[in-house]
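Observations on the model geometry
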Amino acid sequence: MNCDYVQEQLSVFLDREEGFDETTLSHLYGCKDCQDFFSSAVKLRALANEGKLPYPDDLDDAIMRRAQRVRKTNPLSYRLNLPVYVLSTVAVVLLVVSFTFGFVMQEDIHQKQINAILQAPPAAVVYRMPTQLVYPALIREIKGGVK
Amino acid sequence: MKSDFEAVYSRHKAGIYNFCCRVLNDVDEAKDVVQEVFLRFFESPVRFDGELPVKVWLFRSARNRCLNVIRDKGKFSNIGYESDSVPATEAVDPDMHDAPVVVESLLVRMSIDYREILILREWNEMSYDEIAQALDITVPAVKSKLFKARKQAAAIYRKLYGD
Ligand SMILES: [Zn+2]
């Protein structure tokens, strides 16, 4: 088995990525070069874990200050973090929907008006507040009549 | 409540900063690049087309800026690395040094294309997919390059510190 191929696979194994060829392990047991490669790659990883640099505080201040300045120069701007094509699609859909529903509703209103005229009884209906007139003398007369 | 920008910034600032420092081997230049990357992201979200994950977009932007700095200054022109160009020193116990110094001595001697891919993997813990997007190469190319980068790093390490 080719050492370069095996070492590339060992690299994949170390990174826990998909597609590791397990058959290369049998080569590793008997090959000093590939063992050395693997141990140096592991050593490098340990160094990387140790050798991370702390983030400088002054950079936080500098970036936030500059960001504030940009925000102040464009106080009226409003950010929509959407891709342009999404916004265009939404605009077109809203336009189409508004036209479609506009026509349908207008049709509906016309039809209702026509139906109302056709089905209306030939009498006028006057809506008013319900009232009750009480004539005590008349009530007495009716009750006397029933008796 | 944090703005989107602040959330993205606090999540990725350390990774981008470490990447720039390692690639450029210069703290001040790295700081400049980090500022440019995040302010560009803040100022022109229109340029952020949403097709790339934010992390990949930021690293791609940082990488391009770092390469520009290197090109402009003619720094690290060792694009083609030669193992022989590393001066052999008497084997020094690397434990005598602190890790950042060992790391710096290794990376600064690597060719830029191997250095950047190794940093993305080992310091920024990016997946092969993310690296492929950040460097605009295929995943098989990432596999092959990473293996070669590790091989180069091992050779330099042996020269500097022995086995
Ligand atoms: Zn081998």
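Notes on the structure in this doc start here. Only a predicted model underlies this, so the values are computations on that prediction, with no experimental measurement involved.

1. Structural notes on the overall build of chain A
Each helix and strand in chain A was counted, giving 6 helices and 0 strands. When contacts within chain A are restricted to residue pairs at least 6 apart in sequence, those whose partners lie at least 24 apart make up 46%. For chain A, the accessible surface area stands at approximately 12000 Å², while carbon and sulfur atoms represent 63% of it.

2. Things to note about the coordination of the zinc ion
Residues and elements named next belong to chain A. Within the protein, the atoms that donate to the zinc ion are Cys-3 (SG), His-27 (NE2), Cys-31 (SG) and Cys-34 (SG), at distances of 2.1 to 2.3 Å. Bound by 4 donor atoms, the zinc ion shows angles of 104 to 115° at the metal and therefore tetrahedral coordination geometry. In primary-sequence terms, the residues that donate to the zinc ion follow C-x23-H-x3-C-x2-C. Each of the two residues, His-27 as well as Cys-31, counts as buried.

3. Considerations on the nonpolar core
Judged by nonpolar contacts, the single largest core of 64 residues is most densely connected at Cys-20 and Val-34 of chain B. No other element matches the 10 residues that helix H1 (residues 4–24) of chain B contributes to this core. Those residues in contact with Val-34 of chain B that sit more than four places away from it in its chain are Tyr-55, Leu-59 and Ile-63 of chain A together with Ile-16, Tyr-17 and Cys-20 of chain B. Grouped together as the second largest cluster of nonpolar side chains are 7 residues, Val-6, Leu-10 and Cys-34 of chain A together with Phe-147 of chain B included.

4. Details of helix H1 (residues 3–14) of chain A
All names here are of chain A. For H1, spanning 12 residues, the distance from its first C-alpha to its last is 16 Å, which sits close to the expected 16 Å at 1.5 Å a residue. Three or more residues of H1 are buried, namely Val-6, Gln-7, Glu-8, Gln-9, Leu-10, Ser-11, Val-12 and Leu-14. Of the residues flanking the end of H1, it is Arg-16, one or two places downstream, whose phi is positive at about 55°.

5. Digging into unusual backbone geometry
Residue Arg-16 of chain A is not a glycine yet carries a positive backbone phi of 55°. Within the secondary structure, Arg-16 of chain A sits in the loop between H1 and helix H2 (24–30). Phi at Glu-125 of chain B is positive, roughly 50°, even though this residue is not glycine. By secondary structure assignment, the location of Glu-125 of chain B is in the loop between helix H5 (112–122) and helix H6 (128–135). For Glu-125 of chain B, a relative accessible area of 47% translates into the label partly exposed.

6. Focus: the interface of chain A and chain B
Counting residues at the interface gives 38 residues for chain A, matched by 42 residues for chain B. Of the roughly 3800 Å² buried between chain A and chain B on both sides combined, carbon and sulfur atoms contribute 62%. If you look at where chain A meets chain B, you find 7 salt bridges. Note that Asp-15 of chain A and Arg-150 of chain B form a salt bridge whose closest N and O atoms lie 2.7 Å from each other. One can count 15 residue pairs in polar contact (both at pLDDT 80 or more) joining chain A with chain B. Among the elements of the structure, H1, helix H3 (32–50) and helix H4 (57–73) of chain A are those that each provide at least two residues to the side of chain A that touches chain B. A class-by-class count of the residues in the side of chain A that touches chain B yields 18 nonpolar, 6 polar and 14 charged.

Parameters and conventions
Residues numbered from 1 in each chain as written. Chains lettered and ligands numbered in written order. Predicted model: local features only at pLDDT ≥ 70, side-chain atom pairs only at ≥ 80, totals over all residues. Heavy atoms only, no water. Helix = DSSP H or I, 4+ residues; strand = E, 2+ residues; numbered from the N terminus. Contact = heavy atoms within 4.5 Å. Areas by Shrake-Rupley, 256 points an atom, 1.4 Å probe, with all protein chains shown as cover. Donors = N, O, S within 2.8 Å, 3.2 Å for Na, K, Ca; no water. Tetrahedral: all angles 85-135°; square planar, octahedral: opposite > 155°, others 65-115°. Buried < 20%, exposed > 50% of the residue type's maximum accessible area, 1.4 Å probe, protein only. Core = buried A, V, L, I, M, F, W, Y, C linked by side-chain atoms within 4.5 Å. Expected span 1.5 Å × (residues − 1). Buried area = accessible area lost by both parts, 1.4 Å probe. Salt bridge = Lys/Arg side-chain N within 4 Å of Asp/Glu carboxyl O. Polar contact = N/O pair within 3.5 Å; in protein donor to acceptor, adjacent residues only side chain to side chain. Nonpolar A, V, L, I, M, F, W, Y, C, P; charged D, E, K, R; others polar.

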